Amino acid sequence: MTHPVYKIETAVRPAAVISGRAVRLSWTEARPAVQVIFQLRLFAGALIGAGTPADVSWGVMAAGAAAWLLLTWSAYLLNGAADVVEDQSNGSTRPIARGDLSALTGGRLALLLGALGLSLAAALSERFFLLALLLLVLSWAYSTGPAPLKNTVAGVQVAVVGAGLVTYLAGISAAGVPVTGTVLVFAVAMSAWMGIGGLAKDLSDVAGDRAAGRHTLPLLWGERRAKLAIAAAAVAVGGSFLAAALAVAPGLVPAAALVLAGSAALAAVSLGRWSTGDRRAQRRPYRLFMLTQYSAHLTVLAEVVIR
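Residues numbered from 1 in each chain as written. Predicted model: local features only at pLDDT ≥ 70, side-chain atom pairs only at ≥ 80, totals over all residues. Heavy atoms only, no water.

Here the UniProt feature "transmembrane region" (unreviewed entry) sits at residues 58-78, 99-122, 128-145, 152-175, 181-200, 228-249 and 255-274. As a span, residues 152-175 carries 96% helix and 0% strand, and end to end its C-alpha atoms are 35 Å apart. Annotated as 95% helix and 0% strand, the span residues 228-249 places its first and last C-alpha atoms 30 Å apart. (UniProt positions renumbered as here; feature names shortened; annotations may be inferred. Helix = DSSP H or I, 4+ residues; strand = E, 2+ residues; numbered from the N terminus.)

The following block contains the structure:
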């Protein structure tokens, strides 16, 4: 009979020998560009809510940003570990798909990062901890479980839009500032824009999504109808954001105008020949989505800082 102590030692040993190389690869797997935009969302919630950098509790804000980074890193690393089949089918060059980082090691690191993020969040405030826990639940429900949210259009929208709203609220909480009408307009509009990204990403992932048994818009409706729906939804989000900014949040008009311009560009590329052909071409709508959200966040942050 195996001694119980031996069982414990073998259970914990793999986590103890995670290498620095594995950590570096896990960061690449977690998509640094996505990690940065989550930080921009967090700081946008804080600074738009405060109205001025002087009103932000920067010590707590820095700790909150660190906790959020650990949580989003965990979420996207777990997603990479759970998406091996579809990522390989799509020709992904991220570390897990190409075999440089095992899915098992990625999953263990995701658990560790999530635990560290929640621990740090708990040290800040009860509200921030609850928001952090909600983010982790949404993120993990997206990738894992008997019915992952990633498998359906509705599930993707719940996870993606929900993660956006929770992040903006977490920024407000960490900074210790009130929830204003302006920050709510921005948070709702840009979380809805994240939903557009969730749809646009599927245009280039059809092969992997089919192999994984997902029910995405291109697989349910066909490529042409899916592109029409994404284009219409993008313009609707951009137009609604600008209308709301003009009505109740004039400080957001420049950012909203950028989102509307980005939505028009995304629609034009989706419906034209620029998104037809190889996977690089098919990813152009998603890249426009990313460029648009980066531009909007940097615009509002710059405006608050130089005000």
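Okay, back to it.
Here the largest pocket is characterised by a volume of approximately 860 Å³. Lining the largest pocket are 40 residues; nearest its centre among them are Arg 31, Val 34, Tyr 76, Lys 201 and Tyr 286. Of all the elements in the fold, those that place two or more residues in the lining of the largest pocket are α3 (32-50), α4 (58-82), α5 (84-89), α8 (126-143), α9 (153-175), α10 (181-201) and α16 (284-306). Per-element tally for the lining of the largest pocket: the top contributor is α3, with 6 residues. (1 Å grid on protein atoms, 1.4 Å probe; cavity = no way out; pocket = protein on both sides within 12 Å on 5 of 7 lines; lining within 4 Å. Points joined across faces, edges and corners; volume = space filled by probe spheres on them.)

Before going further, it helps to spend a moment on the nonpolar core. In this structure, Trp 68, Phe 186, Met 190, Trp 193, Phe 241, Leu 252 and Leu 266 are the most contacted members of the largest nonpolar core, which totals 71 residues. If you tally residues by element for this core, the top one is α10, at 11 residues. Discounting residues that sit within four places of it in the chain, Met 190 has contacts with Tyr 168, Phe 241, Val 259, Gln 293, Ala 296 and His 297. (Core = buried A, V, L, I, M, F, W, Y, C linked by side-chain atoms within 4.5 Å. Buried < 20%, exposed > 50% of the residue type's maximum accessible area, 1.4 Å probe, protein only. Contact = heavy atoms within 4.5 Å.)

Once that is clear, we can look at the pattern of salt bridges. For the coordinates displayed, the defined rule picks out 12 salt bridges. The salt bridge partner of Arg 214 is Asp 209, with a shortest N-O separation of 3.3 Å. With respect to class, Arg 214 is no different from Asp 209; both count as buried. If you follow the salt bridges from partner to partner, you end up with Asp 83, Glu 86, Lys 150, Asp 209 and Arg 214 in one network. (Salt bridge = Lys/Arg side-chain N within 4 Å of Asp/Glu carboxyl O.)

So, on to the packing of α10 against α16. Geometry of a packed helix pair, given as the angle between the helix axes and the separation of the axes. Two elements in contact, α10 and α16, have axes separated by 8 Å at closest approach and are oriented at 160°. Taken together, the axis directions place α10 and α16 in an arrangement best described as roughly antiparallel. The way α10 lies across α16 gives a crossing that is left-handed. Packed against α10, whose contacting residues are Phe 186, Met 190, Trp 193, Met 194, Gly 197, Ala 200 and Lys 201, the element α16 presents Pro 285, Tyr 286, Phe 289, Thr 292, Gln 293, Ala 296, His 297 and Val 300 at the interface. Grouping the amino acids of the contact of α10 with α16 by side-chain chemistry returns 10 nonpolar, 4 polar and 1 charged. (Axes fitted to C-alpha atoms, helices over the stretch in contact; angles between N-to-C directions. Parallel < 35°, antiparallel > 145°, perpendicular 65-115°, else oblique. Left-handed = near helix turned anticlockwise from the far one by under 90°. Nonpolar A, V, L, I, M, F, W, Y, C, P; charged D, E, K, R; others polar.)

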